[in-house]
Structures are given as C-alpha cells and as structure tokens.
Amino acid sequence: MTFDLNALQADYPLLFEGLLVTLRIVGYSIVFGAIGSVVLCMGKLSGKGPGYRVAVFIIDFFRTIPEVVLIFWVYSCLPLLFGLRMSAEVSGVVALSLFVAANVAEILRAGILSTDRGQLEAAFSLGTPVTTIWRRIVLPPALRRMLPNFVNFLTELLKASSLLSTIGVAEMVYQATVLGNETFAYLEFLTAVAVLYFLLIFPLSLYVRYAEGRHTKRISR
Amino acid sequence: MTLNAGSEVIRCTDVVKRFGDFLALDHVSTSVHAGEVVCVIGPSGSGKSTLLRTMNGLETIDSGEIDILNHRLPGPRRELETIRRRVGMVFQNFNLFNHMSVRDNLVLAPMSARKTPRAEADASAEKLLARVGIAEQIDKYPAQLSGGQQQRVAIARALAMQPEIMLFDEPTSALDPEMVNEVLDVMRDLARAGMTMVVVTHEMGFAREVGDRILFMADGQLLVDAPPETFFTAPSDERQKTFLSKVL
Amino acid sequence: MGLFDELIEASGGRYIRAGLTMLLVGAVVLGLLSVNWPIVKGLDFAVLWQFRWALLQGLVMTLLLTAAAAACGIFFGTLLAILTQVPFAPARWFAIGYVELFRNTPILVQVLWIHFALPLVSGVNTSAVVSGVIAIVLQASAYFGEIVRSGIRAVPPGYWEASDALGIPRTTRWRRVVLPPAFRIMIPPFVNMTISFFKASAILTVLQVGELMTVSTRIANAVFKPIEILTVAALIYFVFGYAISQSTHWLERSLAKREGR
C-alpha cells in the first residue's frame, strides 16, 4: 500500500469544511469560556464564602475529568436533564466552554498571584487607589506573563476539539474518518488531518517555547 | 503642608508583632517628632524593618498602638489610604514599577490619588528628578538605569506625593558600593531641607552625621534611644557594644 | 494579613462575595425550575450496583493504561531526552522530530492513525487494545521526554563542568550527577503528566479498549441510563484524578525530608 495523493484530490474541500468547524467551535468556546473564567477566578480569589468554595470545586472538577467524559456527559445527559434539544455542535461548544472556563480561570489566578510583592508594597505605600493598582500595576504585567500559558492552553484546546468527532460534530477528524470509511483511504485522510493539526499547533508551540526560554533566561540572571 | 516643628508625628506604644512563634517586635515604644531624622540600626532580624513597615500599615500589629499624624492605625481603609499618601516609603529593592517609564512611575500616584492634572504632575516629576540629579532619565525604563539611579527615582516617586514623613527601609543595602553615596547624598539634602525621616540603615557614618537620634534594636526589642554622639562614643548596652565592635 | 488579601478586601471583597453568592443562588434556582423532574424522579442508581464488577474492571483497565503510559513514558522519554543531547546529529534530529510530531497533533488522531492507517503501511493488523497501548505509550514518550529534556537543561552547568573536571565517565555522569537532580525537578510535571494520561486513556474509548469510559458508555447505551452511569463515571474520574494530583505534595515532602530540608 502506498500513499496515494489522488485519493485526497476529490474530497479535500470536506476536510477544509471540517477545519472551519473546528475553528468556529474553538472560537465560540473561547468567548463563552473567557466570561466563565473571569467569574470563576474572582470566586477563587475572593478567598472565602460559598462562592469561593463552589468556584474551587468547579475549577478542580472540570480540570480533572477527561474531556471525552465531559463531552459525552454534556451531549447525552444535559438535554435529558433539562428537556432541551441541543445539536452536537452546541453540546460541543458547551462542553469546551466549561473546559476553557476552568483552565483559564486557573491561569488567570496564578498569573495575578505571581505579582511581585514589592510592586504591591510600593503601590500601597503611595496610597494608590485600588482601581489604579489593578489597572496599571497588577494586570498589565500579569497578562503579559500569562500570554505563553494562554497560547499553550490554546494548543490543548485545539487538540481537545478533535474529541468532538466522537459525538458526531462534523469537524476535521470526523470528516477524515467518514471519508476514510467511504474510500478506504484511511492512510491519506488521517495523515492529511494530522498534518493540518500540526500546521495549526506547531507555530503556537514554537512561540510558547520561545517565550518560556526568554522567561527562564530573565530569571537566571 | 507644613508641620509645626517639634510636634509629635509618630507614636508607637507597646507594639507587639509576631510571625508565628517568632516575636518580631517585643513591646516597642517610641515617638518621632516633626523635622527629626531618626536612624534605626541593629543586627539583621532585629525587627527594625518590621517596625518601619508598621508605620504605614504595610505590617499589621498584634497588640499596642500606633498613631501616625494623629490617626490611629489600623483605621478604616480610606483613612489608611490617606495616611499612606502623607507618608512616603523607600524600599531596599526600589520596587519601581518596571513596566512603566520613570515619568509614569512618578506621575501615577499623584494623578490617580490626588487628581493632579497631567501637566502639573509632569512638571513636578521633572523638578523632582532634577532634585535627585537624574533629570535626563525621565523617559527611560527602570531596567535601563543603574541601581543608584533606580533608588533615586524611587525617592523622587515617594516625594511626588509631597509626603510629610519619609520612611527608608535599608535604601542602600541592595546597591553596589560605588553607588551608595549618590543615594545618601540625596537623603542628606532631604534631611537638610527639614524632612521628617525614619531611616533603617547599616550606614553608620550616615547615621552619625545626619541622625538626630539613633534607635538600636536587637531581638525585637528597642534597647537604646540616644543622640549619635552618645550612642557611638558611650555605648550603654551589652548587645550595643558587641554590635558596634563588629561594624565600626 | 497578606498584601493580596488587603488588595482583595480593598477591592470590595465583601461585595464580590455577596454578588457571587447571589449568582450561585440564582443558578441553583434556575436549575431547579428548569430541570426535567420526571427524569430526575426516575433516576435509578441501583443500576450501578448491578454493573459494579464491570465498572470496577473498567477502572482497573484505566489505571493500568495510566501506569503503562507513565512508566513507559518516563523510560522511553528519558532515552529520547538523552538522544537530544548526543553529538550524533541524525539521532538528535530523530528525537526532536519525534517529540514535536507527537506533541503537536491530537492523541485522537494518533490513535486513529495507528489503528486504521498504520496496518495499511505495515501490513500488520493490530487489535484495538494493542493499538491503544501503542498510541498512548508513543505519545507518553514524547511528552515525558520533553519534561526530562527541560529537567536536564535545568541542571546547573557547573555540574557538567565539575564532572568533566573530575574525569567522571560518561555513563556515571548521567546516572549519578545529571539525572538525579533533574528527576527531583521533574516530579511535579511528572505527576501532572500522569494526570493528563489518566484523562487521555478515556480517549481510547473510540477503539473500545474496555477502560472505564468504554464500559460506562456501553452500559449507558444498553440500559439507556446515561445520566446515572456517566455522572458517576465522571465522579470516579474526578476522585482518582484528584488523588493523583494531591500525591505530588506528598511526594515532594517525602523527598525533601530525605534530603534533610
């Protein structure tokens, strides 16, 4: 058996449609997940009370259970429990949004808490108003420090989105397996999909490595 | 705003501070008057920095009383903020805002806390930087400056709030030896201009020359409170003698 | 009170907490109002007891896969990491290319490729379990290899120079000088990676390899009780995953004690 590029020729538009679905779902989950992450992060930073405890549990829970389990649960249990009708794609967005919210909340919290104590001491001792402390002293450097972590998580999210093929969302992997089943050209389609993912993810990984390398260099000096 | 010369601006009464089992401040009582320069010296771990940090509420206390500019600490949050605006602090590690230019370091607090207009804050920043001798560095970032220059920016930043009291927490300890003097010169000028200063320091020469009073601390206790001449020439306490024999 | 606590309180911590509590109450009320009560009343968790042995078997399979991924990952990962440091360039390129390939594609794609595409190339058909194990071990090697590689880079250069200066033989240098402190640094990322593979093992459900997720979906479909089975499966995953994540504290403490710190 050899690799037969002709097998791809007729059907590659479907793969690109799958790519668009992947990107669309990832985009929506980032938007909804980001909103959730800010609420969860505030909850965890607030330090005590019921909101704190629930936020900690939600963050731990959705960071610990496997993404497939989350996706299956949202797809097959949520509609039953609430008597809803949800398409596979909507289920996917809901599941990935929860995944994003929990993980990004943790990145935000860690980034904010890594603020140098001296910066806070100086800001306090000048009597700087609290809003200014957040807006000018805590958040800008914290967000810059977090950028590699965000990008790293984006690579995880892109990889996790492939799991939506298991509930029948017509993203890249789903298209590849369907085309594979039809034509038996598994080798060609699965390889093509692997290449597409690699092209999406590898540049992001390179950036993360570059940024983290710069960071360790700064620490060791 | 000027203070009546000689009026009491800081009073600490029976201040106790614990870190877990460690007694950092052991019933410390003292006071500082307007216009005075008080130098706090002692071995490391003696509680001198902790004492200084209680004076603007960066460190809370376990018992005792602290009154700054006629306000009891810790008061309500708003009051604490107001007190801190009237008390400047300079840190061992400068604690400049590294992501901001020197100018922004100086204008941030006046513009946000005092609602000083931009132009006025800028002009005052330029004047202060000229006063500490680094007017030409105004548009640089802290990382582009030497340690001595950074510490002078930090002093100027504290002065930008026009404080009535300045607290210095080992301001020259993190500096290379050749940069110590440029910072001490700025502090000397401040003292001459009549600023009320509390200085935690290891610079015995500076303490002797500029200080009105020397406080000696060891093991969380305030052991000696004396004028420099008496302090250095006629030590009264055993631990003070041991300490002086090591540093002089 | 720490500076951050002061910042949070000064930022209206009280109001944030009150707001979050209200949000929480609102969410619970909304949930209770919109939930499909007939379904909830009909929930029958006894079905779990009925299938307890099957579920237990699935859990054991999941834990075995996790252990295989961690053990093989650390072993082959270390070999790969050493390969990235050897002077022979093609070996280095192979190691780096391998790690990047597996780290930058989804494990699902790798699993499918190994099960459906690889036999077309190799001519050898592998069973689902074998494909699954191959995939998870190959990927674990890449990820653990990356951890080992950065762990080795974190060993102070003085260690290399000192062992060169002392004329310590190459294998002794690796075994006694470089790897022990490197592994010490790597413990937290190792534990995190083990959790990742604990989670990743559930992906093998696409090949039906008989781990917890496969068993759960099978039962859920057979008796049509997805809510009971999948919810409990999620909780089992959470409990075990959380336990692994907590083990890092314990590991660190016992290591620190041994080193007399």
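Residues numbered from 1 in each chain as written. Chains lettered and ligands numbered in written order. Predicted model: local features only at pLDDT ≥ 70, side-chain atom pairs only at ≥ 80, totals over all residues. Heavy atoms only, no water.

Chemist: Teacher, can you tell me more about the overall build of chain B here?
Modeler: Counting its regular elements, chain B contains 9 helices and 10 strands. Here the C-alpha atoms of chain B give a radius of gyration of 18 Å, agreeing with the 18 Å that 2.2 N^0.38 yields for 248 residues. When its C-alpha atoms are laid out on the principal axes, chain B stretches across 55 × 45 × 35 Å. In chain B, which comprises 248 residues, the proportion classed as buried is 57%. Of the contacts made within chain B by residues no fewer than 6 positions apart, 66% connect residues no fewer than 24 positions apart. (Helix = DSSP H or I, 4+ residues; strand = E, 2+ residues; numbered from the N terminus. Rg over C-alpha atoms; globule rule 2.2 N^0.38 Å. Buried < 20%, exposed > 50% of the residue type's maximum accessible area, 1.4 Å probe, protein only. Contact = heavy atoms within 4.5 Å.)

Chemist: Can you help me understand the sheet that holds strand S1 (residues 8-19) of chain B in this one?
Modeler: Across a sheet, paired strands are connected by hydrogen bonds in the backbone, their directions being either parallel or antiparallel. Residues and elements named next belong to chain B. Spatial strand order, S2-S1-S4-S5: 4 strands in an open sheet with antiparallel pairing. Edge positions in the sheet fall to strand S2 (22-33) and strand S5 (71-73), since each of these pairs with one other strand and no more. Averaged over all adjacent pairs, the angle separating strand axes in this sheet is 25 degrees, with direction ignored. Where helix H2 (residues 77-86) meets the sheet, it contacts strand S4 (63-68) and S5, and its direction lies at approximately 105 degrees from that of S5. (Pairing = 2+ DSSP bridges. Axes fitted to C-alpha atoms, helices over the stretch in contact; angles between N-to-C directions.)

Chemist: Honestly, the interface of chain A and chain C in this entry has me stumped. Any pointers?
Modeler: Accessible area lost on assembly of the parts is the figure often given for the size of an interface. On the side of chain C, 54 residues touch chain A, which itself brings 59 residues to the contact. Both faces considered, chain A and chain C share a buried interface measuring about 5,200 Å² in area, 78% of it formed by carbon and sulfur atoms. Per-residue buried area on chain A facing chain C is highest for A:Thr64, A:Leu80 and A:Arg209; these three make up 11% of the total on that side. Counting across the chain A and chain C interface gives 3 salt bridges. Salt-bridge contacts for A:Glu67 lead to C:Lys199; the nearest nitrogen and oxygen are separated by 3.1 Å. Applying the counting criterion to the chain A and chain C interface returns 12 residue pairs in polar contact (both at pLDDT 80 or more). Element by element, the count of residues in the side of chain A that touches chain C is highest for helix H9 (residues 186-220) of chain A, at 12 residues. (Buried area = accessible area lost by both parts, 1.4 Å probe. Salt bridge = Lys/Arg side-chain N within 4 Å of Asp/Glu carboxyl O. Polar contact = N/O pair within 3.5 Å; in protein donor to acceptor, adjacent residues only side chain to side chain.)

Chemist: What is the right way to look at the pairing of strand S6 (residues 87-90) of chain B in this model?
Modeler: Looking along a regular strand, one sees side chains alternate from face to face of the sheet. Residues and elements named next belong to chain B. Residues of S6 alternate between two faces, with Val 87 and Met 89 on one and Gly 88 and Val 90 on the opposite face, all of them buried. Relative to strand S7 (residues 165-169), S6 runs parallel, the two being bridged by 4 bridges. Opposite Val 90, over in S7, you have Phe 168 as the bridge partner.

Chemist: Where do I start with the confidence of the model for chain B in this structure?
Modeler: Segments scoring low in pLDDT should not have their predicted coordinates read at a detailed level. In this model, chain B carries a mean pLDDT of 91, and residues with pLDDT of at least 70 account for 98%. Prediction confidence for the complex, expressed as pTM and ipTM, is 0.89 and 0.90 respectively. (pLDDT = per-residue confidence, 0-100.)

Chemist: Sorry, what's going on with the sheet that holds S6(B) here?
Modeler: Residue and element names in this part refer to chain B. Strand order in the open sheet formed by 6 strands is S6-S7-S8-S3-S9-S10, with mixed pairing between adjacent strands. Strands with a single pairing partner mark the edges of an open sheet, and in this sheet they are S6 and strand S10 (221-226). Adjacent strand axes in the sheet meet at a mean angle of 15 degrees when their direction is disregarded. The pairing of strand S3 (residues 37-41) with strand S9 (residues 213-218) spans 4 bridges and is parallel.

Chemist: When you look at the packing of aromatic side chains in this model, what are you seeing that I'm missing?
Modeler: Evaluated as defined, the whole model comprises 22 aromatic pairs over all chains. Here A:Tyr28 and A:Phe32 contribute two aromatic rings whose centre-to-centre distance is 6.3 Å and whose plane-to-plane angle is 15 degrees, an arrangement assigned as stacked. Taken together, the positions of A:Tyr28 and A:Phe32, both in helix H1 (residues 6-45) and 4 residues apart, correspond to about one turn of that helix. Assessed through its relative accessible area of 46%, A:Phe32 is described here as partly exposed. Ring centres of C:Tyr98 and C:Phe102 lie 4.7 Å apart, and the angle between their planes is 40 degrees; this geometry places the pair in the tilted category. Of the two residues, C:Tyr98 and C:Phe102 both sit in helix H6 (residues 89-103), 4 residues apart, roughly one turn of that helix. C:Tyr98 sits in the buried class, given a relative accessible area of 15%. In this structure C:Phe102 comes out as buried when scored by relative accessible area, which is 12%. Aromatic ring contacts, followed pair by pair, group A:Phe57, A:Phe61, A:Phe62, C:Phe238 and C:Tyr242 into a single cluster. In this arrangement the basic side chain of B:Arg157 is found over the ring face of B:Phe97, its NZ or CZ atom lying 4.6 Å from the centre. (Phe/Tyr/Trp six-rings, centres within 6.5 Å; stacked < 30°, edge-to-face > 60°. Lys NZ or Arg CZ within 6 Å of the ring centre and 35° of its normal.)

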